[in-house]
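# Structural description and commentary
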Amino acid sequence: MNEVLVGRGEEMRKGVLTTEDLARQLADLKRQVENIKPGVDDRVSIIVFSGDLDKVLAAFVIATGAVAMGMEAVMFFTFWGTPVLRDPKKKAGGKDLMGKMFGFMLPKGRNAIKLSKMNMGGMGTSMMKSLMKKKNVASLDQMVEMAGELGVKIYICEMSMSLMGFKQGEFIDYPNLEYVGVATFLEQAKNSKVQLFI
Amino acid sequence: MNEVLVGRGEEMRKGVLTTEDLARQLADLKRQVENIKPGVDDRVSIIVFSGDLDKVLAAFVIATGAVAMGMEAVMFFTFWGTPVLRDPKKKAGGKDLMGKMFGFMLPKGRNAIKLSKMNMGGMGTSMMKSLMKKKNVASLDQMVEMAGELGVKIYICEMSMSLMGFKQGEFIDYPNLEYVGVATFLEQAKNSKVQLFI
Amino acid sequence: MNEVLVGRGEEMRKGVLTTEDLARQLADLKRQVENIKPGVDDRVSIIVFSGDLDKVLAAFVIATGAVAMGMEAVMFFTFWGTPVLRDPKKKAGGKDLMGKMFGFMLPKGRNAIKLSKMNMGGMGTSMMKSLMKKKNVASLDQMVEMAGELGVKIYICEMSMSLMGFKQGEFIDYPNLEYVGVATFLEQAKNSKVQLFI
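Residues numbered from 1 in each chain as written. Chains lettered and ligands numbered in written order. Predicted model: local features only at pLDDT ≥ 70, side-chain atom pairs only at ≥ 80, totals over all residues. Heavy atoms only, no water.

This part is about unusual backbone geometry. Non-glycine residue M120 of chain B carries a positive phi angle of around 45 degrees. In the Ramachandran plot, F79 of chain C falls in the positive-phi region, its phi being about 45 degrees despite a non-glycine side chain. Inspection of the secondary structure assignment puts F79 of chain C in the loop between strand 2 (72-77) and helix 4 (97-105). The class of F79 of chain C is buried, set by a relative accessible area of 7%. (Helix = DSSP H or I, 4+ residues; strand = E, 2+ residues; numbered from the N terminus. Buried < 20%, exposed > 50% of the residue type's maximum accessible area, 1.4 Å probe, protein only.)

Written as structure tokens, this is what we have:
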């Protein structure tokens, strides 16, 4: 009854409301306040759709930067991003013709990807790589290693794997790697502070 | 006065504060708590800027996936994304020369768009389509239909329409289609949990 | 002690809890409620990674649109986005060979950038520009000026500058320009309502 009175903000007669009643309402309210969530977790969620060297680098710079700032980071590799995580030393058997064709045509891992612009038959990409070395910018190899050590989570999109015929045995060794569907990613992304499609 | 006392956390003398006062404060506080908004609606807002088959597919996978998870989804088609929604069976008259040229050069709807990579004169795109069929991945046609049934909202950017000379009569029949400016989209996007530029 | 009683929602004996105790709890609770932050600032944070005319235009339309709606806007120019902000009239000395090469190959400012599609040797880009004029859509020059007047903040990525050999003296005059690292951007972005990677 007090609940109703207070809820409607109506006048209450003195003496009717005991301190015990008040305390109970306070407890209710406190529980309510404690259940208010800030709405977002301190996390960056990145969809790595493009498999271009420059964009993949940007994704890792952001992910590792976020973790360095005390945030969490999740990267969801899908479509052209998927082959970036192939390990060129691993081979997977049991592929159908299409899977073999895709396996042949798509880049074999992160050292085979190119710049999205000014690739110039590979010259631009080589130039950028040597430049990064000279300027002490971490290479993609170093970025991936750092990301693994920092705890950046990597998700590989199951639908893309199925489409392109990739097997789990073809991907890099990475401490926090999972094979998931878009729903799993969205579940994480929707409570993240930052979401990017790269 | 109690408001002030409580607000500053100062010591209160016993007896001055009645239970009635306390109840009033409780009611105020309760109202305050109820007005705290989680800050974001359970919605995914996607800007579909690129008209590439792979990216448009990704946008629809995310939008329909979000709705399947109980979220709302809004897609804002702009620039190269706009012609994806043309209905090839519809014709719009009254276009100026530029409008006719754009109408001719831009893809006539979702079945005329290509992969952003490995299109290889259309071969890559055809290969991807037949692969999707084989692997039971919904085609773009099916995705659009599903999105309509699930209640995914589609916005078409008015500025892009004006620039490219498109008329409202040229677009697909879709249950939740609106022609809006960037402000309308931003209004929705800013309170969404997830925003993506694809 | 009351704290504990209320926190656990346990039964309280009448008479043990005075109104003074209750008032103190109310004050505590009030402070707690006031400290709940909506979690996000009313800001749009955009990473301008692509240096294509269409995408840069989209970024400025969104940023200026957001400010017009009463939001703040921050644009972080990185990678191919960086040369878009070069001032073609300014020259920077002291560059090494690589810096000179990049300076030569990358577009000299916003009037030298091209459409991401249908550039057709520059014809598509010219066509789009004349079309924008005809349809009274602000040109990129006007957009940048407007953004400056509206208070859109522009960040230039220090890592990209270092990689491409750009000097601070080469960039446009703009009221709100800063040279920052990815951490500074992420700090702003993580509390923004909208984040986009363009």
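From this point, the narrative continues.
Our focus in this paragraph is the interface of chain A and chain B. The parts lose accessible area when they come together, and the size of an interface is often stated as this lost area. Each side of the interface is counted separately: chain A has 42 residues, and chain B has 45 residues. Taken together, the links from chain A to chain B amount to 3 salt bridges. D52 of chain A serves as the salt-bridge partner of K117 of chain B, at 2.6 Å between the closest nitrogen and oxygen. Applying the counting criterion to the chain A and chain B interface returns 6 residue pairs in polar contact (both at pLDDT 80 or more). Looking at the side of chain A that touches chain B, the elements with two or more residues in it are helix 1 (2-8), helix 2 (19-35), helix 4 (97-105), helix 7 (158-164), helix 8 (182-189) and strand 5 (192-197) of chain A. A per-element tally of the side of chain A that touches chain B places helix 2 of chain A first, with 7 residues. Of the residues that constitute the side of chain A that touches chain B, the class distribution is 26 nonpolar, 9 polar and 7 charged. (Contact = heavy atoms within 4.5 Å. Salt bridge = Lys/Arg side-chain N within 4 Å of Asp/Glu carboxyl O. Polar contact = N/O pair within 3.5 Å; in protein donor to acceptor, adjacent residues only side chain to side chain. Nonpolar A, V, L, I, M, F, W, Y, C, P; charged D, E, K, R; others polar.)

This part covers the side chain of S192 of chain C. Residues and elements named next belong to chain C. Following the sequence through the fold, S192 ends up in strand 5 (residues 192-197). Among the residues examined, S192 registers a relative accessible area of 1% and is labelled buried. For S192, the side chain forms a polar contact with the side chain of R43, separated by 3.4 Å. S192 has contacts with V40, D41, R43 and S45, leaving out every residue within four places of it along the chain.

Okay, the sheet that holds strand 3 (residues 153-157) of chain B next. Residues and elements named next belong to chain B. Strand order in this open sheet of 5 strands is 4-3-2-1-5, and the pairing throughout is parallel. Here the strands that pair on one side only, and so sit at the sheet edges, are strand 4 (177-180) and strand 5 (192-197). Recorded for the sheet is a direction-independent mean angle of 20 degrees between the axes of neighbouring strands. When strand 1 (residues 41-48) meets strand 5, the two strands line up parallel, connected through 5 bridges. Within strand 5, the position partnered with I46 by the bridge is L196. The strands that helix 3 (residues 53-68) touches are strand 1, strand 2 (72-77), strand 3 and strand 5; relative to strand 2, the one it contacts most, it runs at about 155 degrees. (Pairing = 2+ DSSP bridges. Axes fitted to C-alpha atoms, helices over the stretch in contact; angles between N-to-C directions.)

With that settled, consider the confidence of the model for chain A. Residues and elements named next belong to chain A. In this model, chain A carries a mean pLDDT of 87, and residues with pLDDT of at least 70 account for 88%. Scored below 50 in pLDDT, residues 1-15 shows 23 contacts in the model against residues more than four places distant or in partner chains. The complex model carries a pTM of 0.84, and its ipTM stands at 0.82. (pLDDT = per-residue confidence, 0-100.)

So, on to the relation of the copies chain A and chain B. For these two chains of identical sequence, chain A goes onto chain B by a turn of 120 degrees and a shift of 0.1 Å along the axis, with RMSD 0.4 Å. On the angle and the small slide along the axis, the relation comes out as a three-fold axis. (Least-squares fit on C-alpha atoms with pLDDT ≥ 70 in both.)

Attention shifts here to the pattern of salt bridges. One pass over the full model with this rule turns up 35 salt bridges over all chains. Here D141 of chain B and R110 of chain B are joined by a salt bridge, their closest N and O atoms 2.4 Å apart. Residue D141 of chain B is found in helix 6 (residues 140-150), and its partner R110 of chain B is found in the loop between helix 4 (97-105) and helix 5 (123-134); the two are separated by 31 residues along the sequence. Through salt bridges with shared partners, one network takes in D42 and K193 of chain A together with E187 and K190 of chain C.

This next bit is on the side chain of Q195 of chain C. Its place among the elements puts Q195 of chain C in strand 5. Here S192 of chain C takes part through its backbone oxygen, which lies 3.1 Å from a polar atom of the side chain of Q195 of chain C. Ignoring any residue separated from it by four or fewer positions in sequence, one finds Q195 of chain C in contact with K193, V194, Q195 and L196 of chain A, Q195 of chain B together with S45, A189 and K190 of chain C.

To continue, consider the pairing of strand 2 of chain C. Successive residues of a regular strand alternate their side chains across the two faces of the sheet. Residue and element names in this part refer to chain C. Taken across its 6 residues, strand 2 has 5 buried, putting it largely inside the fold. By the bridge criterion, 6 bridges tie strand 1 (residues 41-48) to strand 2 in an arrangement that is parallel. Bridge pairing links V48 to F77 in strand 2. Bridge analysis of strand 2 against strand 3 (residues 153-157) gives 4 bridges, and the strand direction is parallel. Counted as the bridge partner of F76 is Y155 from strand 3.

Moving on, we get to the environment of V152 of chain A. Residues and elements named next belong to chain A. With respect to the secondary-structure elements, V152 resides in the loop between helix 6 (140-150) and strand 3 (153-157). Sequence separation between V152 and P83 is 69 residues; the distance between their C-alpha atoms is 19 Å. Ignoring anything within four residues of it in the chain, the contact list for V152 reads A63, T64, V67, A73, M75, A147, Y174 and N176.

The interface of chain B with chain C comprises 41 residues on the first partner and 45 residues on the second. Surface buried jointly by chain B and chain C totals about 4,000 Å² across both partners, of which 74% is contributed by carbon and sulfur atoms. In terms of surface lost to chain C, no three residues of chain B exceed W80, K190 and F197 of chain B, which account for 16% of the buried area on that side. Between the two partners, chain B and chain C, sit 6 residue pairs in polar contact (both at pLDDT 80 or more). Among the elements that line the side of chain B that touches chain C, the one with the most residues is helix 2 (residues 19-35) of chain B, at 7 residues. Split into classes, the residues belonging to the side of chain B that touches chain C amount to 26 nonpolar, 8 polar and 7 charged. (Buried area = accessible area lost by both parts, 1.4 Å probe.)

Let us now look at the sheet that holds strand 4 (residues 177-180) of chain C. Consider a sheet: its strands pair through backbone hydrogen bonds, and that pairing is either parallel or antiparallel. All names here are of chain C. In spatial order, the strands read 4-3-2-1-5; together these 5 strands make up an open sheet with parallel pairing. Edge strands, defined here as strands with exactly one partner in the open sheet, are strand 4 and strand 5. Strand-to-strand twist across the sheet, computed as the mean angle between neighbouring axes with direction ignored, equals 20 degrees. Sheet strands touched by helix 3 (residues 53-68): strand 1, strand 2, strand 3 and strand 5. Its angle to strand 2, the strand with the most contacts, is close to 155 degrees.

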